[in-house]
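One-letter residues, chain by chain:
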Amino acid sequence: MDGVHVVTGANRHFYADALDQAFRLRYRVYVEELRWRGLPPRDDEREIDQFDTLDAVHLLYLENNKVIGGTRLVPTTVPHLLSEVFPHFAAERGVPRAPDIAEWTRFYVAPERREEHKASHVGSTVLASMIEYALQEQLSAVSVLMNIFWLSRFHGYGWRVRPLGLPAVHDDEWLLAATIDITPQALSGIRRKCGVDECSALVRVGAYKPINREKRDVPAVA
Amino acid sequence: MDEQIFDPGRAAFAFCDEIEGMTEQSAVIDRMNIELGKYGIDAWVITGLPMPGGRIEEMILLNGWNPEWSRYYFSKNLVKDDPCVAHCFRSIGPFEWKDAPYDPDTWPAAEKMMHDAADVGMRHGFAVPIHSFAGFQAVVSMGGKHVDLSPAAKRALHLVSLYAHHKASSVVRQPQEPYSPLLTRREKEILRWVACGKTAWEISQILRISDATVRQHLKAVARKFETPNKTATVVAALRRGEIHL
């Protein structure tokens, strides 16, 4: 089924091939295109780091079983990028650690699905799905370490972005750690700005595992 | 009684929180004046930058300059003599005015402009270019006679500028369209090779496309920018942030 599939520690056995595609796509984007330094070196053309554990949630946009985009969320109650590798970016306000805050890292779209001069439909759908998933999981916010270029994009969606620290340079890029409020307005904001459908693209299959251990109800399994 | 030690970071966060809910231009201007005043800054502006030959007045989002300097700057169209303007397209990160390079021998007008600014109390300053994925958007520029530009102050002012620009572009009655990128990926790629000094034929060899195709792309870009030759086209592309060296 086409859509943005929720892949967690509880159902990832259905998604072995999709996850592998995602790690290979991440390699193309982060190692080959963006040439990020400091990623754990691998020689199997897959980009996987120490936070791709059973606690991670991958949102993978599948079209005819092919991964064309994706993103990742990790609970802040376990080791994550900001807490383990980049805490200095949140030196002033502290690294948020709470059951209802997840860290948002890795956002990627297959190069052939990108669009000139504007946010691609695939990318916008993944972003909107991330917000929608976070809302369903009763997250209050997601934390992120991002290039400051993203700030004007997120403000354009009407997202409330709260800095955790001051901007600083890493690897020739200006980065800022921040949290983004997860609200219905954040979801409608990006859908409206990017012309993404009001109806959900999320697909949930198999056993349910919440990202927020204090989430109140368990939804019926699809 | 213990003196409160001024914490630039904390002040910057409070600024970002407080302007979030503002909807009136005047409120944002007042809050900017208060915040920047803490660093000795008494003149500032948030503005887009015009194409070569264009005028800056149409691109200003919020003007915190003193009116005499504004009038002087506009009447003499100093945007063409301002070394900070040129540097905005080159620099992703913030920079002090004194670090915007110019050669006083070959660009005496720039030297004069910086002296004129110092004469009206803008001796030291800091500029924060705002870039997005689409390229250069605007600059937040600020100055005064004695300005705190310590590393901690600059980091705080960087954050303040990022949020002030966002707020300025959403509360100003007629926001200027940010630069929308004009060039395709291929056009940018070809221009970058031209900027490195390659001829059309050399580029055709590098990219494995025909010489005629390269020339066609260059003609298309020259039409978009209304530039008469390859050099002017490259300059226009650099100024708009479509390509970087």
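Residues numbered from 1 in each chain as written. Chains lettered and ligands numbered in written order. Predicted model: local features only at pLDDT ≥ 70, side-chain atom pairs only at ≥ 80, totals over all residues.

### Things to note about the overall build of chain B
Here comes step 1: The helix and strand tally for chain B stands at 10 helices and 5 strands.
Here comes step 2: Taken along its principal axes, the extent of the C-alpha atoms in chain B is 75 × 40 × 35 Å.
Here comes step 3: Put simply, 66% of the contacts in chain B that link residues at least 6 apart link residues at least 24 apart. (Helix = DSSP H or I, 4+ residues; strand = E, 2+ residues; numbered from the N terminus. Contact = placed C-beta atoms within 7 Å.)

### Quick notes on unusual backbone geometry
Residue and element names in this part refer to chain A.
Here comes step 1: The backbone of Asn64 sits at a positive phi, close to 50°, despite the residue not being glycine.
Here comes step 2: Of the residues examined, Asn64 has 6 C-beta atoms within 10 Å and is grouped as exposed.
Here comes step 3: In this structure, Asp172 is a non-glycine residue whose phi angle is positive, near 65°.
Here comes step 4: Along the chain, the position of Asp172 falls in the loop between strand S7 (168-170) and strand S8 (173-181). (Buried ≥ 20, exposed ≤ 12 C-beta atoms within 10 Å, placed from the backbone.)

### Examining the interface of chain B and chain A
Here comes step 1: If you look at the interface, chain B gives 19 residues, while chain A gives 15 residues.
Here comes step 2: Elements supplying a minimum of two residues to the side of chain B that touches chain A: helix H1 (8-20), strand S4 (124-132) and helix H6 (151-171) of chain B.

### Digging into the pairing of S4 of chain B
Residues and elements named next belong to chain B.
Here comes step 1: In terms of residue burial, S4 counts as a mostly covered element, since 7 of its 9 residues are buried.
Here comes step 2: In this sheet, strand S5 (residues 135-144) lies alongside S4 in antiparallel orientation, the contact comprising 9 bridges. Within S5, the residue paired with Ser132 across the bridge is Gly135.
Here comes step 3: Turn length for the S4-S5 hairpin, with the two strands adjacent in sequence and antiparallel, is 2 residues. (Pairing = 2+ DSSP bridges.)

### Concerning the sheet that holds strand S3 (residues 95-96) of chain B
Residue and element names in this part refer to chain B.
Here comes step 1: Strand order in the open sheet made by the 5 strands is S2-S1-S5-S4-S3, with antiparallel pairing throughout. Each edge of the open sheet is held by one strand with a lone partner, namely strand S2 (60-64) and S3.
Here comes step 2: As judged from the 5 bridges shared by strand S1 (residues 43-47) and S5, these two strands associate in the antiparallel manner. Within S5, the residue paired with Ile46 across the bridge is Val140.

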